[in-house]
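What the coordinates show
Here are the chains, one letter per residue:
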Amino acid sequence: MENPPVMLFRDVVKVYPLPAGDVIALDGVSFQVDRGEFISVMGPSGSGKSTLLNLMGCLDTPTTGDIFISGTRIGDMSDTELTSLRRDRIGFIFQYFNLFPLLNIIENVTFPMMLKTGRGVDPERGKEVLRAVQLDDKLFTHTPTELSGGQQQRVAVARALINNPDILLCDEPTGNLDSKTGDGIMDLMSELNRKGTTIIMVTHDAHIAEYSRRTIRIADGRIVS
Amino acid sequence: MIFWEIAKRNVRIHLLRSFLAMLGIVIGVVAISTMGILGNSMVLSVSDSLRTVGDSVIVTPHAGGGGMGFGSGTTSFTISEQEFQQIKRVSAPNVAIPVLRTSERMKLGVGSEEIVALVYGLDPDDVPLMLNLVEGDYSRGNSGCLVGATFAKDNNVRVGSRISLGKDGEKGTLRVTGIIEERGMAFDVSTDSAVVATRDWFDGTYNRDDYDQVVVKVKNLDEIADVKTAIEKQLNRRETIVDVMDTRKTMETIFEAFGQITTFVSAIGGISMIVAGVSILNIMMMSVTERIKEIGIMRSIGAQRREVMSMFLYEAAILGILGAIIGGVMSFVGGYAISSLMLQTTKYFFVPSSLIQIVYGMAFGIVVCLICGIYPAWRAANLNPIDALRHE
Ligand SMILES: Nc1ncnc2c1ncn2[C@@H]1O[C@H](COP(=O)(O)OP(=O)(O)OP(=O)(O)O)[C@@H](O)[C@H]1O
Ligand SMILES: [Mg+2]
C-alpha cells in the first residue's frame, strides 16, 4: 500500500463470552479512516461504541475480522507490541480526564514520552505542548486535583499529543464538562484537526458531533450510517 | 525513572500505612540480627575461654575403674609409667606431656592465712609447650615454680615471692619465677588459680611414680582423631583403662550446640519476618486494588506490563529497604546493648562475624519484602486494561 489509511476495519466481530451467553458487541463492522479525518461515533447506550474505540486503540483484538492501523495488522500482535503501538501512534482522551494524581501537570503530560524514551524528559517539551492547548503557565507544577475539569481535560489532550500520535481517540471527551467548557475543548480539537491530527470521538451529544466532519452511527453492533 | 518516582510518592502519601507495614520488617530484622549477634558472641566467648586447646588429645584414667595406682593426693586413679610409655609410643612424633596434680594447703609469707590451691607437676621441658608467661622466666630448678595470673592477683604474689607448702610448711618452700598468662577454661591444665612446680619436685615431695593425666599436643590437626584412636586401641584393648578426649572434637560439639541454639532462635526471628512479609503482601494488594483504574490508564496510554510490575516492586523494595535500614540501626544499638549487658564486653560485637549478622538480617528483610511484592505486582501487571479502565 502506497499510502495506507490511518485505520481500516474489515468485517470486525467482537464477542464477549459470558457465562450467561455470548454478547456480540460488534457484528461485522467495516470502515476506513483516512489521514486528517475528524469522525464522531454515535449510537444508543450498549450499541458497541466503546468496544469499537477499544479495538481502534489496540486495547483489545477482534474475535474475527481484521484491523489495520496505518497498514499494520493488529490481530496477531503480542501484548508488548500492542502496548508499544498505543504508546507511539495513538493518543487517548477519556471522559473522566484520568490524569495521574501523584504526578504534577508537566509530569502527567510527559509521562507517555518517558515511556517511549525509557528515561526522564526535558520539562520544556511538556511546557510546549501545554501552551499549545492553552493552559496557563502558573498551573504547570500543580497537581491534577487543583485544576478545574476543563483545565484537566486540556492537560489530558496535551498528554495524548506528546508523542505525536497518528490518531487521537476520545470517549465522550466533553461528557463531564459544562457546555461552555466543552465547546472550549472542542475548539481545541478542531484546531488540532486543522493542523492534521486524525480524530475519532465517541459522543452522545449531537451538538458536540457537529464539530466533526463525518459521523458513524452504530446500533446493535452494526454501522447503520 | 518515573515509576520509581511514583512508587516513592505512593509510599509517602500513605505514610502511616507504609510505616506500620515496615514495622514488621524492622522487628524481623532486629530479631534475626540480635539473635545472630548473641549466638555468634557466645561462640566467640566460649572459644576464647577454651583457647589454645584445640590441638590436644587428653588422656585421663577411666573413672569407672582399672588402672588403680597407689599415689597419694586427691586422685585415686592414675596412669602408670608403663601406660604413659605406651601413649608416648603410639602418639609419636607428637609430644606426650605427663601431668601430675594435687591440691595442697599453702601459705604465702609469714603470718599470712593458709589457702588451698591446685599444684601441678610438669616437666620443665614441656612447660613452654603449654604455658605462656606474662612475667618472669620458666623455672629450671626444683625450688622454683610458676603461678597462674588469677592466683598471683588474688594472693598478691609477684616474681620472687615465696610459697610455703603443706601443713606448717612441711612440703617445703617454692620461689615464684614467673606468672602464667591467663588461659581461661581449658581442657588440659587449668593453671589460672594454680601453682606449677617441676615434675621432679612433685615426685619427690609426694612420692609419685605415676601420672594424673597425659596431654598429647598434636602438630597436624588432621591427625588428631587418629592419635585418639591409636591411644584407645593401645590401652583399652581388653578393658577401658583410660578416657581419651579429642579437644577439637569436643570444641566442635560445643560449637555445634551453640550453632543449633542460634539457628533455633534465628528461626523464631525468621517466623516474625514471615509474619511481616504477610503484612507487606497485604498492603501491596491494597495498593494494587485502590489503583486499578490508574493501572488501566497507564496500560492504555502505553505502559508495558513489566513497567507496571516494576512500579509495585519498587514500592515493595522501598518498604523493605527502609525497614531494613531502620532495623539495621536498631540491631546495631540493640546488639551493642545486649553484648555489654549480657556478656559484659563488646569485644565480640565489633568483629566481622557479629556485624555481618546485621547485614544478613537486613538482606533477609529486603528479600522477604520483594518476594511478598511479586504477587501483587504480577496481579497489577496482568490486569486487563479494558477492565481496569472501566473500574471505578
Ligand atoms: N468487557 C466486557 N465484558 C463483557 N461484555 C462487555 C464488555 N464490554 C462491553 N460489553 C458488552 O458489549 C456491549 C457493547 O458495550 P459498549 O460498552 O461497547 O457499549 P457503548 O456503546 O459504549 O455504551 P455506552 O454508551 O453506555 O457507553 C454491551 O452489551 C456490553 O454489555
Ligand atoms: Mg461507552
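Because the structure is predicted, anything quoted here is derived from the model rather than measured.

Looking now at the interface of chain A and chain B. Contacts between chain A and chain B engage 25 residues on the former and 23 residues on the latter. Summed over both sides, the interface of chain A with chain B buries roughly 2,200 Å², with 67% coming from carbon and sulfur. Its salt-bridge partner being Glu107 of chain A, residue Arg9 of chain B comes within 2.7 Å of it at the nearest N-O pair. The interface formed by chain A and chain B includes eight residue pairs in polar contact (both at pLDDT 80 or more). Listing elements by their share of the side of chain A that touches chain B, those giving two or more residues are α2 (79-89) and α3 (105-117) of chain A. If you tally residues by element for the side of chain A that touches chain B, the top one is α2 of chain A, at six residues.

Here the structure, examined in full by the defined rule, presents two cavities of 30 Å³ or more. The space that makes up the largest cavity amounts to roughly 90 Å³. Together, 13 residues line the largest cavity, and Ile90, Gly91, Pro112, Arg159 and Ala160 of chain A are the ones closest to its centre. For the lining of the largest cavity, the secondary structure elements donating two or more residues are α2, β6 (90-93) and α5 (149-161) of chain A. Leu122, Pro124, Val127, Tyr138, Ser139, Leu146, Val196, Ala197 and Thr198 of chain B together form the lining of the second largest cavity. Here the element with the most residues in the lining of the second largest cavity is strand β9 (residues 194-198) of chain B; it accounts for three residues. The class makeup of the residues in the lining of the second largest cavity is seven nonpolar, two polar and no charged.

Under the criterion given, the structure shown has 26 salt bridges over all chains. Of the charged contacts, one joins Asp123 of chain B and Arg199 of chain B as a salt bridge, the two residues approaching to 3.3 Å between their closest N and O atoms. One end of the pair, Asp123 of chain B, is in the loop between β4 (115-122) and α4 (127-130); the other, Arg199 of chain B, is in helix α6 (residues 199-206), with 76 residues separating them in the sequence. By relative accessible area, which is 21% here, Asp123 of chain B ends up partly exposed. Glu170 of chain B is the salt-bridge partner of Lys171 of chain B, the closest N and O atoms lying 3.8 Å from each other. Since its relative accessible area comes to 24%, Lys171 of chain B is described here as partly exposed. Linked through salt bridges whose partners overlap, the residues forming this network are Glu107 of chain A together with Glu5, Lys8 and Arg9 of chain B.

Right, let's talk about the packing of helix α8 (residues 247-289) of chain B against helix α11 (residues 352-381) of chain B for a bit. All names here are of chain B. Where α8 contacts α11, the two axes come as close as 9 Å, and the packing angle between them is 30°. Overall, the two elements α8 and α11 adopt an arrangement that is roughly parallel. For the element pair α8 and α11, the recorded crossing hand is right-handed. Contacts from Gly270, Met273, Gly277, Val278, Ile280, Leu281, Met284, Met285 and Val288 of α8 reach α11 at Gly361, Phe364, Gly365, Val368, Cys369, Cys372, Gly373, Tyr375, Pro376, Arg379 and Ala380.

Turning next to the site of ligand 1. Ser45, Gly46, Lys49, Ser50 and Thr51 of chain A are the nearest of the 15 residues found near ligand 1. Chains contributing residues to the immediate surroundings of ligand 1 are chains A and B. Contacts to ligand 1 include Gly48 of chain A, whose backbone N or O atom sits 3.0 Å from an oxygen atom. Arg390 of chain B is positioned with one of its side-chain polar atoms (N or O) 2.9 Å from a nitrogen atom of ligand 1.

Our focus in this paragraph is α11 of chain B. Taking 1.5 Å of rise per residue, the 30 residues of α11 of chain B would be expected to cover 44 Å, and the 41 Å separating its terminal C-alpha atoms lies within 8% of that figure. Its maximal kink placed at Ile374 of chain B, α11 of chain B deviates by approximately 30°, while the proline Pro376 of chain B follows within four residues.

Of the volumes computed, that of the largest pocket is approximately 770 Å³. Along the walls of the largest pocket sit 32 residues, with Ser50, Thr51, Asn54 and Asp171 of chain A together with Arg390 of chain B positioned nearest its centre. Secondary structure elements with two or more residues in the lining of the largest pocket: β2 (23-33), α1 (49-56), β6 and β7 (167-171) of chain A together with α12 (385-390) of chain B. Considering every element that reaches the lining of the largest pocket, the biggest residue donor is α1 of chain A, with five residues.

Residues and elements named next belong to chain A. What the six strands build is an open sheet, ordered β6-β7-β8-β3-β9-β10; its pairing is mixed. Taken across any chain shown, the strands that pair with only one partner, and hence form the sheet edges, are β6 and β10 (222-223). Summarising the sheet, strand β9 (residues 214-219) and β10 pair through two bridges and their orientation is antiparallel. Paired with Ile218 across the two strands is Ile223, which belongs to β10.

Rules behind the numbers
Residues numbered from 1 in each chain as written. Chains lettered and ligands numbered in written order. Predicted model: local features only at pLDDT ≥ 70, side-chain atom pairs only at ≥ 80, totals over all residues. Heavy atoms only, no water. Contact = heavy atoms within 4.5 Å. Buried area = accessible area lost by both parts, 1.4 Å probe. Salt bridge = Lys/Arg side-chain N within 4 Å of Asp/Glu carboxyl O. Polar contact = N/O pair within 3.5 Å; in protein donor to acceptor, adjacent residues only side chain to side chain. Helix = DSSP H or I, 4+ residues; strand = E, 2+ residues; numbered from the N terminus. 1 Å grid on protein atoms, 1.4 Å probe; cavity = no way out; pocket = protein on both sides within 12 Å on 5 of 7 lines; lining within 4 Å. Points joined across faces, edges and corners; volume = space filled by probe spheres on them. Nonpolar A, V, L, I, M, F, W, Y, C, P; charged D, E, K, R; others polar. Buried < 20%, exposed > 50% of the residue type's maximum accessible area, 1.4 Å probe, protein only. Axes fitted to C-alpha atoms, helices over the stretch in contact; angles between N-to-C directions. Parallel < 35°, antiparallel > 145°, perpendicular 65-115°, else oblique. Left-handed = near helix turned anticlockwise from the far one by under 90°. Near = heavy atom within 4 Å. Expected span 1.5 Å × (residues − 1). Bend = angle between axes of the 7 residues up to and from the residue. Pairing = 2+ DSSP bridges.

Any functional reading would require information beyond the geometric quantities listed.
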